[in-house]
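Structural overview
Single-letter residue listing:
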Amino acid sequence: MLPMGSIVTGVMMLALIFATPYAFAKKLKPLPHWVSLPVGLLVLAAGAWNVFWHASRHITEYWGIAALVSGTLLMITAGYILGFKRMPALLNQCKPIVLVVLLACMLHYGNTIYNL
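Structural notes, computed from the coordinates. (Residues numbered from 1 in each chain as written. Predicted model: local features only at pLDDT ≥ 70, side-chain atom pairs only at ≥ 80, totals over all residues. Heavy atoms only, no water.)

**Notes on the packing of helix H2 (residues 33-57) against helix H3 (residues 62-82)**
Running from amino to carboxyl end, H2 crosses H3 at an angle of 160°, the nearest separation of the two axes being 8 Å. Taken as axis vectors, H2 and H3 run roughly antiparallel relative to one another. The crossing of H2 and H3 is left-handed. The class makeup of the residues in the contact of H2 with H3 is 18 nonpolar, nine polar and no charged. (Axes fitted to C-alpha atoms, helices over the stretch in contact; angles between N-to-C directions. Helix = DSSP H or I, 4+ residues; strand = E, 2+ residues; numbered from the N terminus. Parallel < 35°, antiparallel > 145°, perpendicular 65-115°, else oblique. Left-handed = near helix turned anticlockwise from the far one by under 90°. Nonpolar A, V, L, I, M, F, W, Y, C, P; charged D, E, K, R; others polar.)

Following this line, the structure appears as structure tokens:
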């Protein structure tokens, strides 16, 4: 059995590494397509797994709700990494907030896994 909590935490870290510089430094050139595509798809897949598999099966539990929140944030961040042109303006304006909340989720997941 795969340690999915650890994998999702690692993907959250990867998403933050690739999305954060572009959220705060608008003058940076976008990532090359050969980098952004696999990373963005990995982040999107992890977010979709979190929302549609784990959260949907455990929605009444604490970690089900945490998976719903973190998975949604991962899918939004995948849109930032992939450079989707049609993202709603509100999501583009909230990019720093989304990334800070994703950082909080990653730290919470990581701390919980460390203390197990």
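**Quick notes on H3**
In a regular helix each residue adds 1.5 Å, so 21 residues correspond to 30 Å; H3 covers 30 Å between its end C-alpha atoms and thus fits that length. Backbone geometry just downstream of H3 places Gly83 in the positive-phi region, at approximately 70°. (Expected span 1.5 Å × (residues − 1).)

Treat this as a map of the structure, not an account of what it does.
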